[in-house]
Amino acid sequence: MSTNWRISSFNGALLAAYFIPTWTIVAFKIMISPIHGLYERPNIAVALFISDHLQLAAMTTVRFAWLLALGKLTVVAFFSIFLVFITRASIRKTGGCDEALAIALAIGSVISFASMVMASQVGETAALRLHATELLILLGTAIVLLVERPARPQIDRSVTSDDLSLQQSQLPYNG
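Residues numbered from 1 in each chain as written. Predicted model: local features only at pLDDT ≥ 70, side-chain atom pairs only at ≥ 80, totals over all residues. Heavy atoms only, no water.

Asks: Outline the layout of surface pockets, supporting the account with residue identities and numerical values.
Replies: Roughly 150 Å³ of volume is contained in the second largest pocket. Lining of the second largest pocket is provided by Val46, Phe64, Leu67, Leu68, Gly71, Val110, Ile111, Ala114, Ser115 and Met118. Partitioned by chemical class, the residues of the lining of the second largest pocket number 8 nonpolar, 2 polar and no charged. (1 Å grid on protein atoms, 1.4 Å probe; cavity = no way out; pocket = protein on both sides within 12 Å on 5 of 7 lines; lining within 4 Å. Points joined across faces, edges and corners; volume = space filled by probe spheres on them. Nonpolar A, V, L, I, M, F, W, Y, C, P; charged D, E, K, R; others polar.)

Asks: Before we move on, could you go through the pattern of salt bridges and cite the residues and values that matter?
Replies: Going through the model one piece at a time under the given rule, you end up with 3 salt bridges. Of the charged contacts, one joins Asp98 and Arg6 as a salt bridge, the two residues approaching to 2.9 Å between their closest N and O atoms. On the criterion of sequence distance, the pair formed by Asp98 in helix 6 (residues 98-122) and Arg6 in the segment before helix 1 (7-32) is long-range, its members being 92 residues apart. You'll find Asp98 and Arg6 in the same group, each marked buried. One salt bridge in this structure joins Lys29 and Glu40, with 3.8 Å as the shortest N-O distance. Here the residue Lys29 occupies a position in helix 1, and Glu40 occupies one in the loop between helix 2 (34-38) and helix 3 (44-54), the gap between them amounting to 11 residues. Residues participating in the shared-partner salt-bridge network are Arg6, Asp98 and Glu148. (Salt bridge = Lys/Arg side-chain N within 4 Å of Asp/Glu carboxyl O. Helix = DSSP H or I, 4+ residues; strand = E, 2+ residues; numbered from the N terminus. Buried < 20%, exposed > 50% of the residue type's maximum accessible area, 1.4 Å probe, protein only.)

Structure, rendered in structure tokens:
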């Protein structure tokens, strides 16, 4: 069994398995029908907040729905890039995939936090639980990513000290 998986990489892969299909479906529903997609269950708190508190016009609501879909697709894109990076063992061992995961976590946390605040303002308890759960798992992974020790560079153990002594340059006046 391979033991070169970091905890943050494994946790990020589990998050990607949840967020990629879920947020892609939600974003595509918004892109197909912006108003109807905005009033679907995952976005109902945002839609009610826009209609009750902001009182936006229909076209502005459509633009806001598209902006929400764009934000969710951006998170999906960074999670997808992260999954591509962790398939290569050399990138995964050195932590080269952490940037894509960090960006996905940051943008996803902002979207989930804003949705959670909007859900609390309009009194949607089911939406509040959904967005709070999403925010907590995103923040948990961010904490693991921050606390985990940096990846150590791989040292090639095949090179010995005898090989290095042969490679040392000799000055011309040493005879």
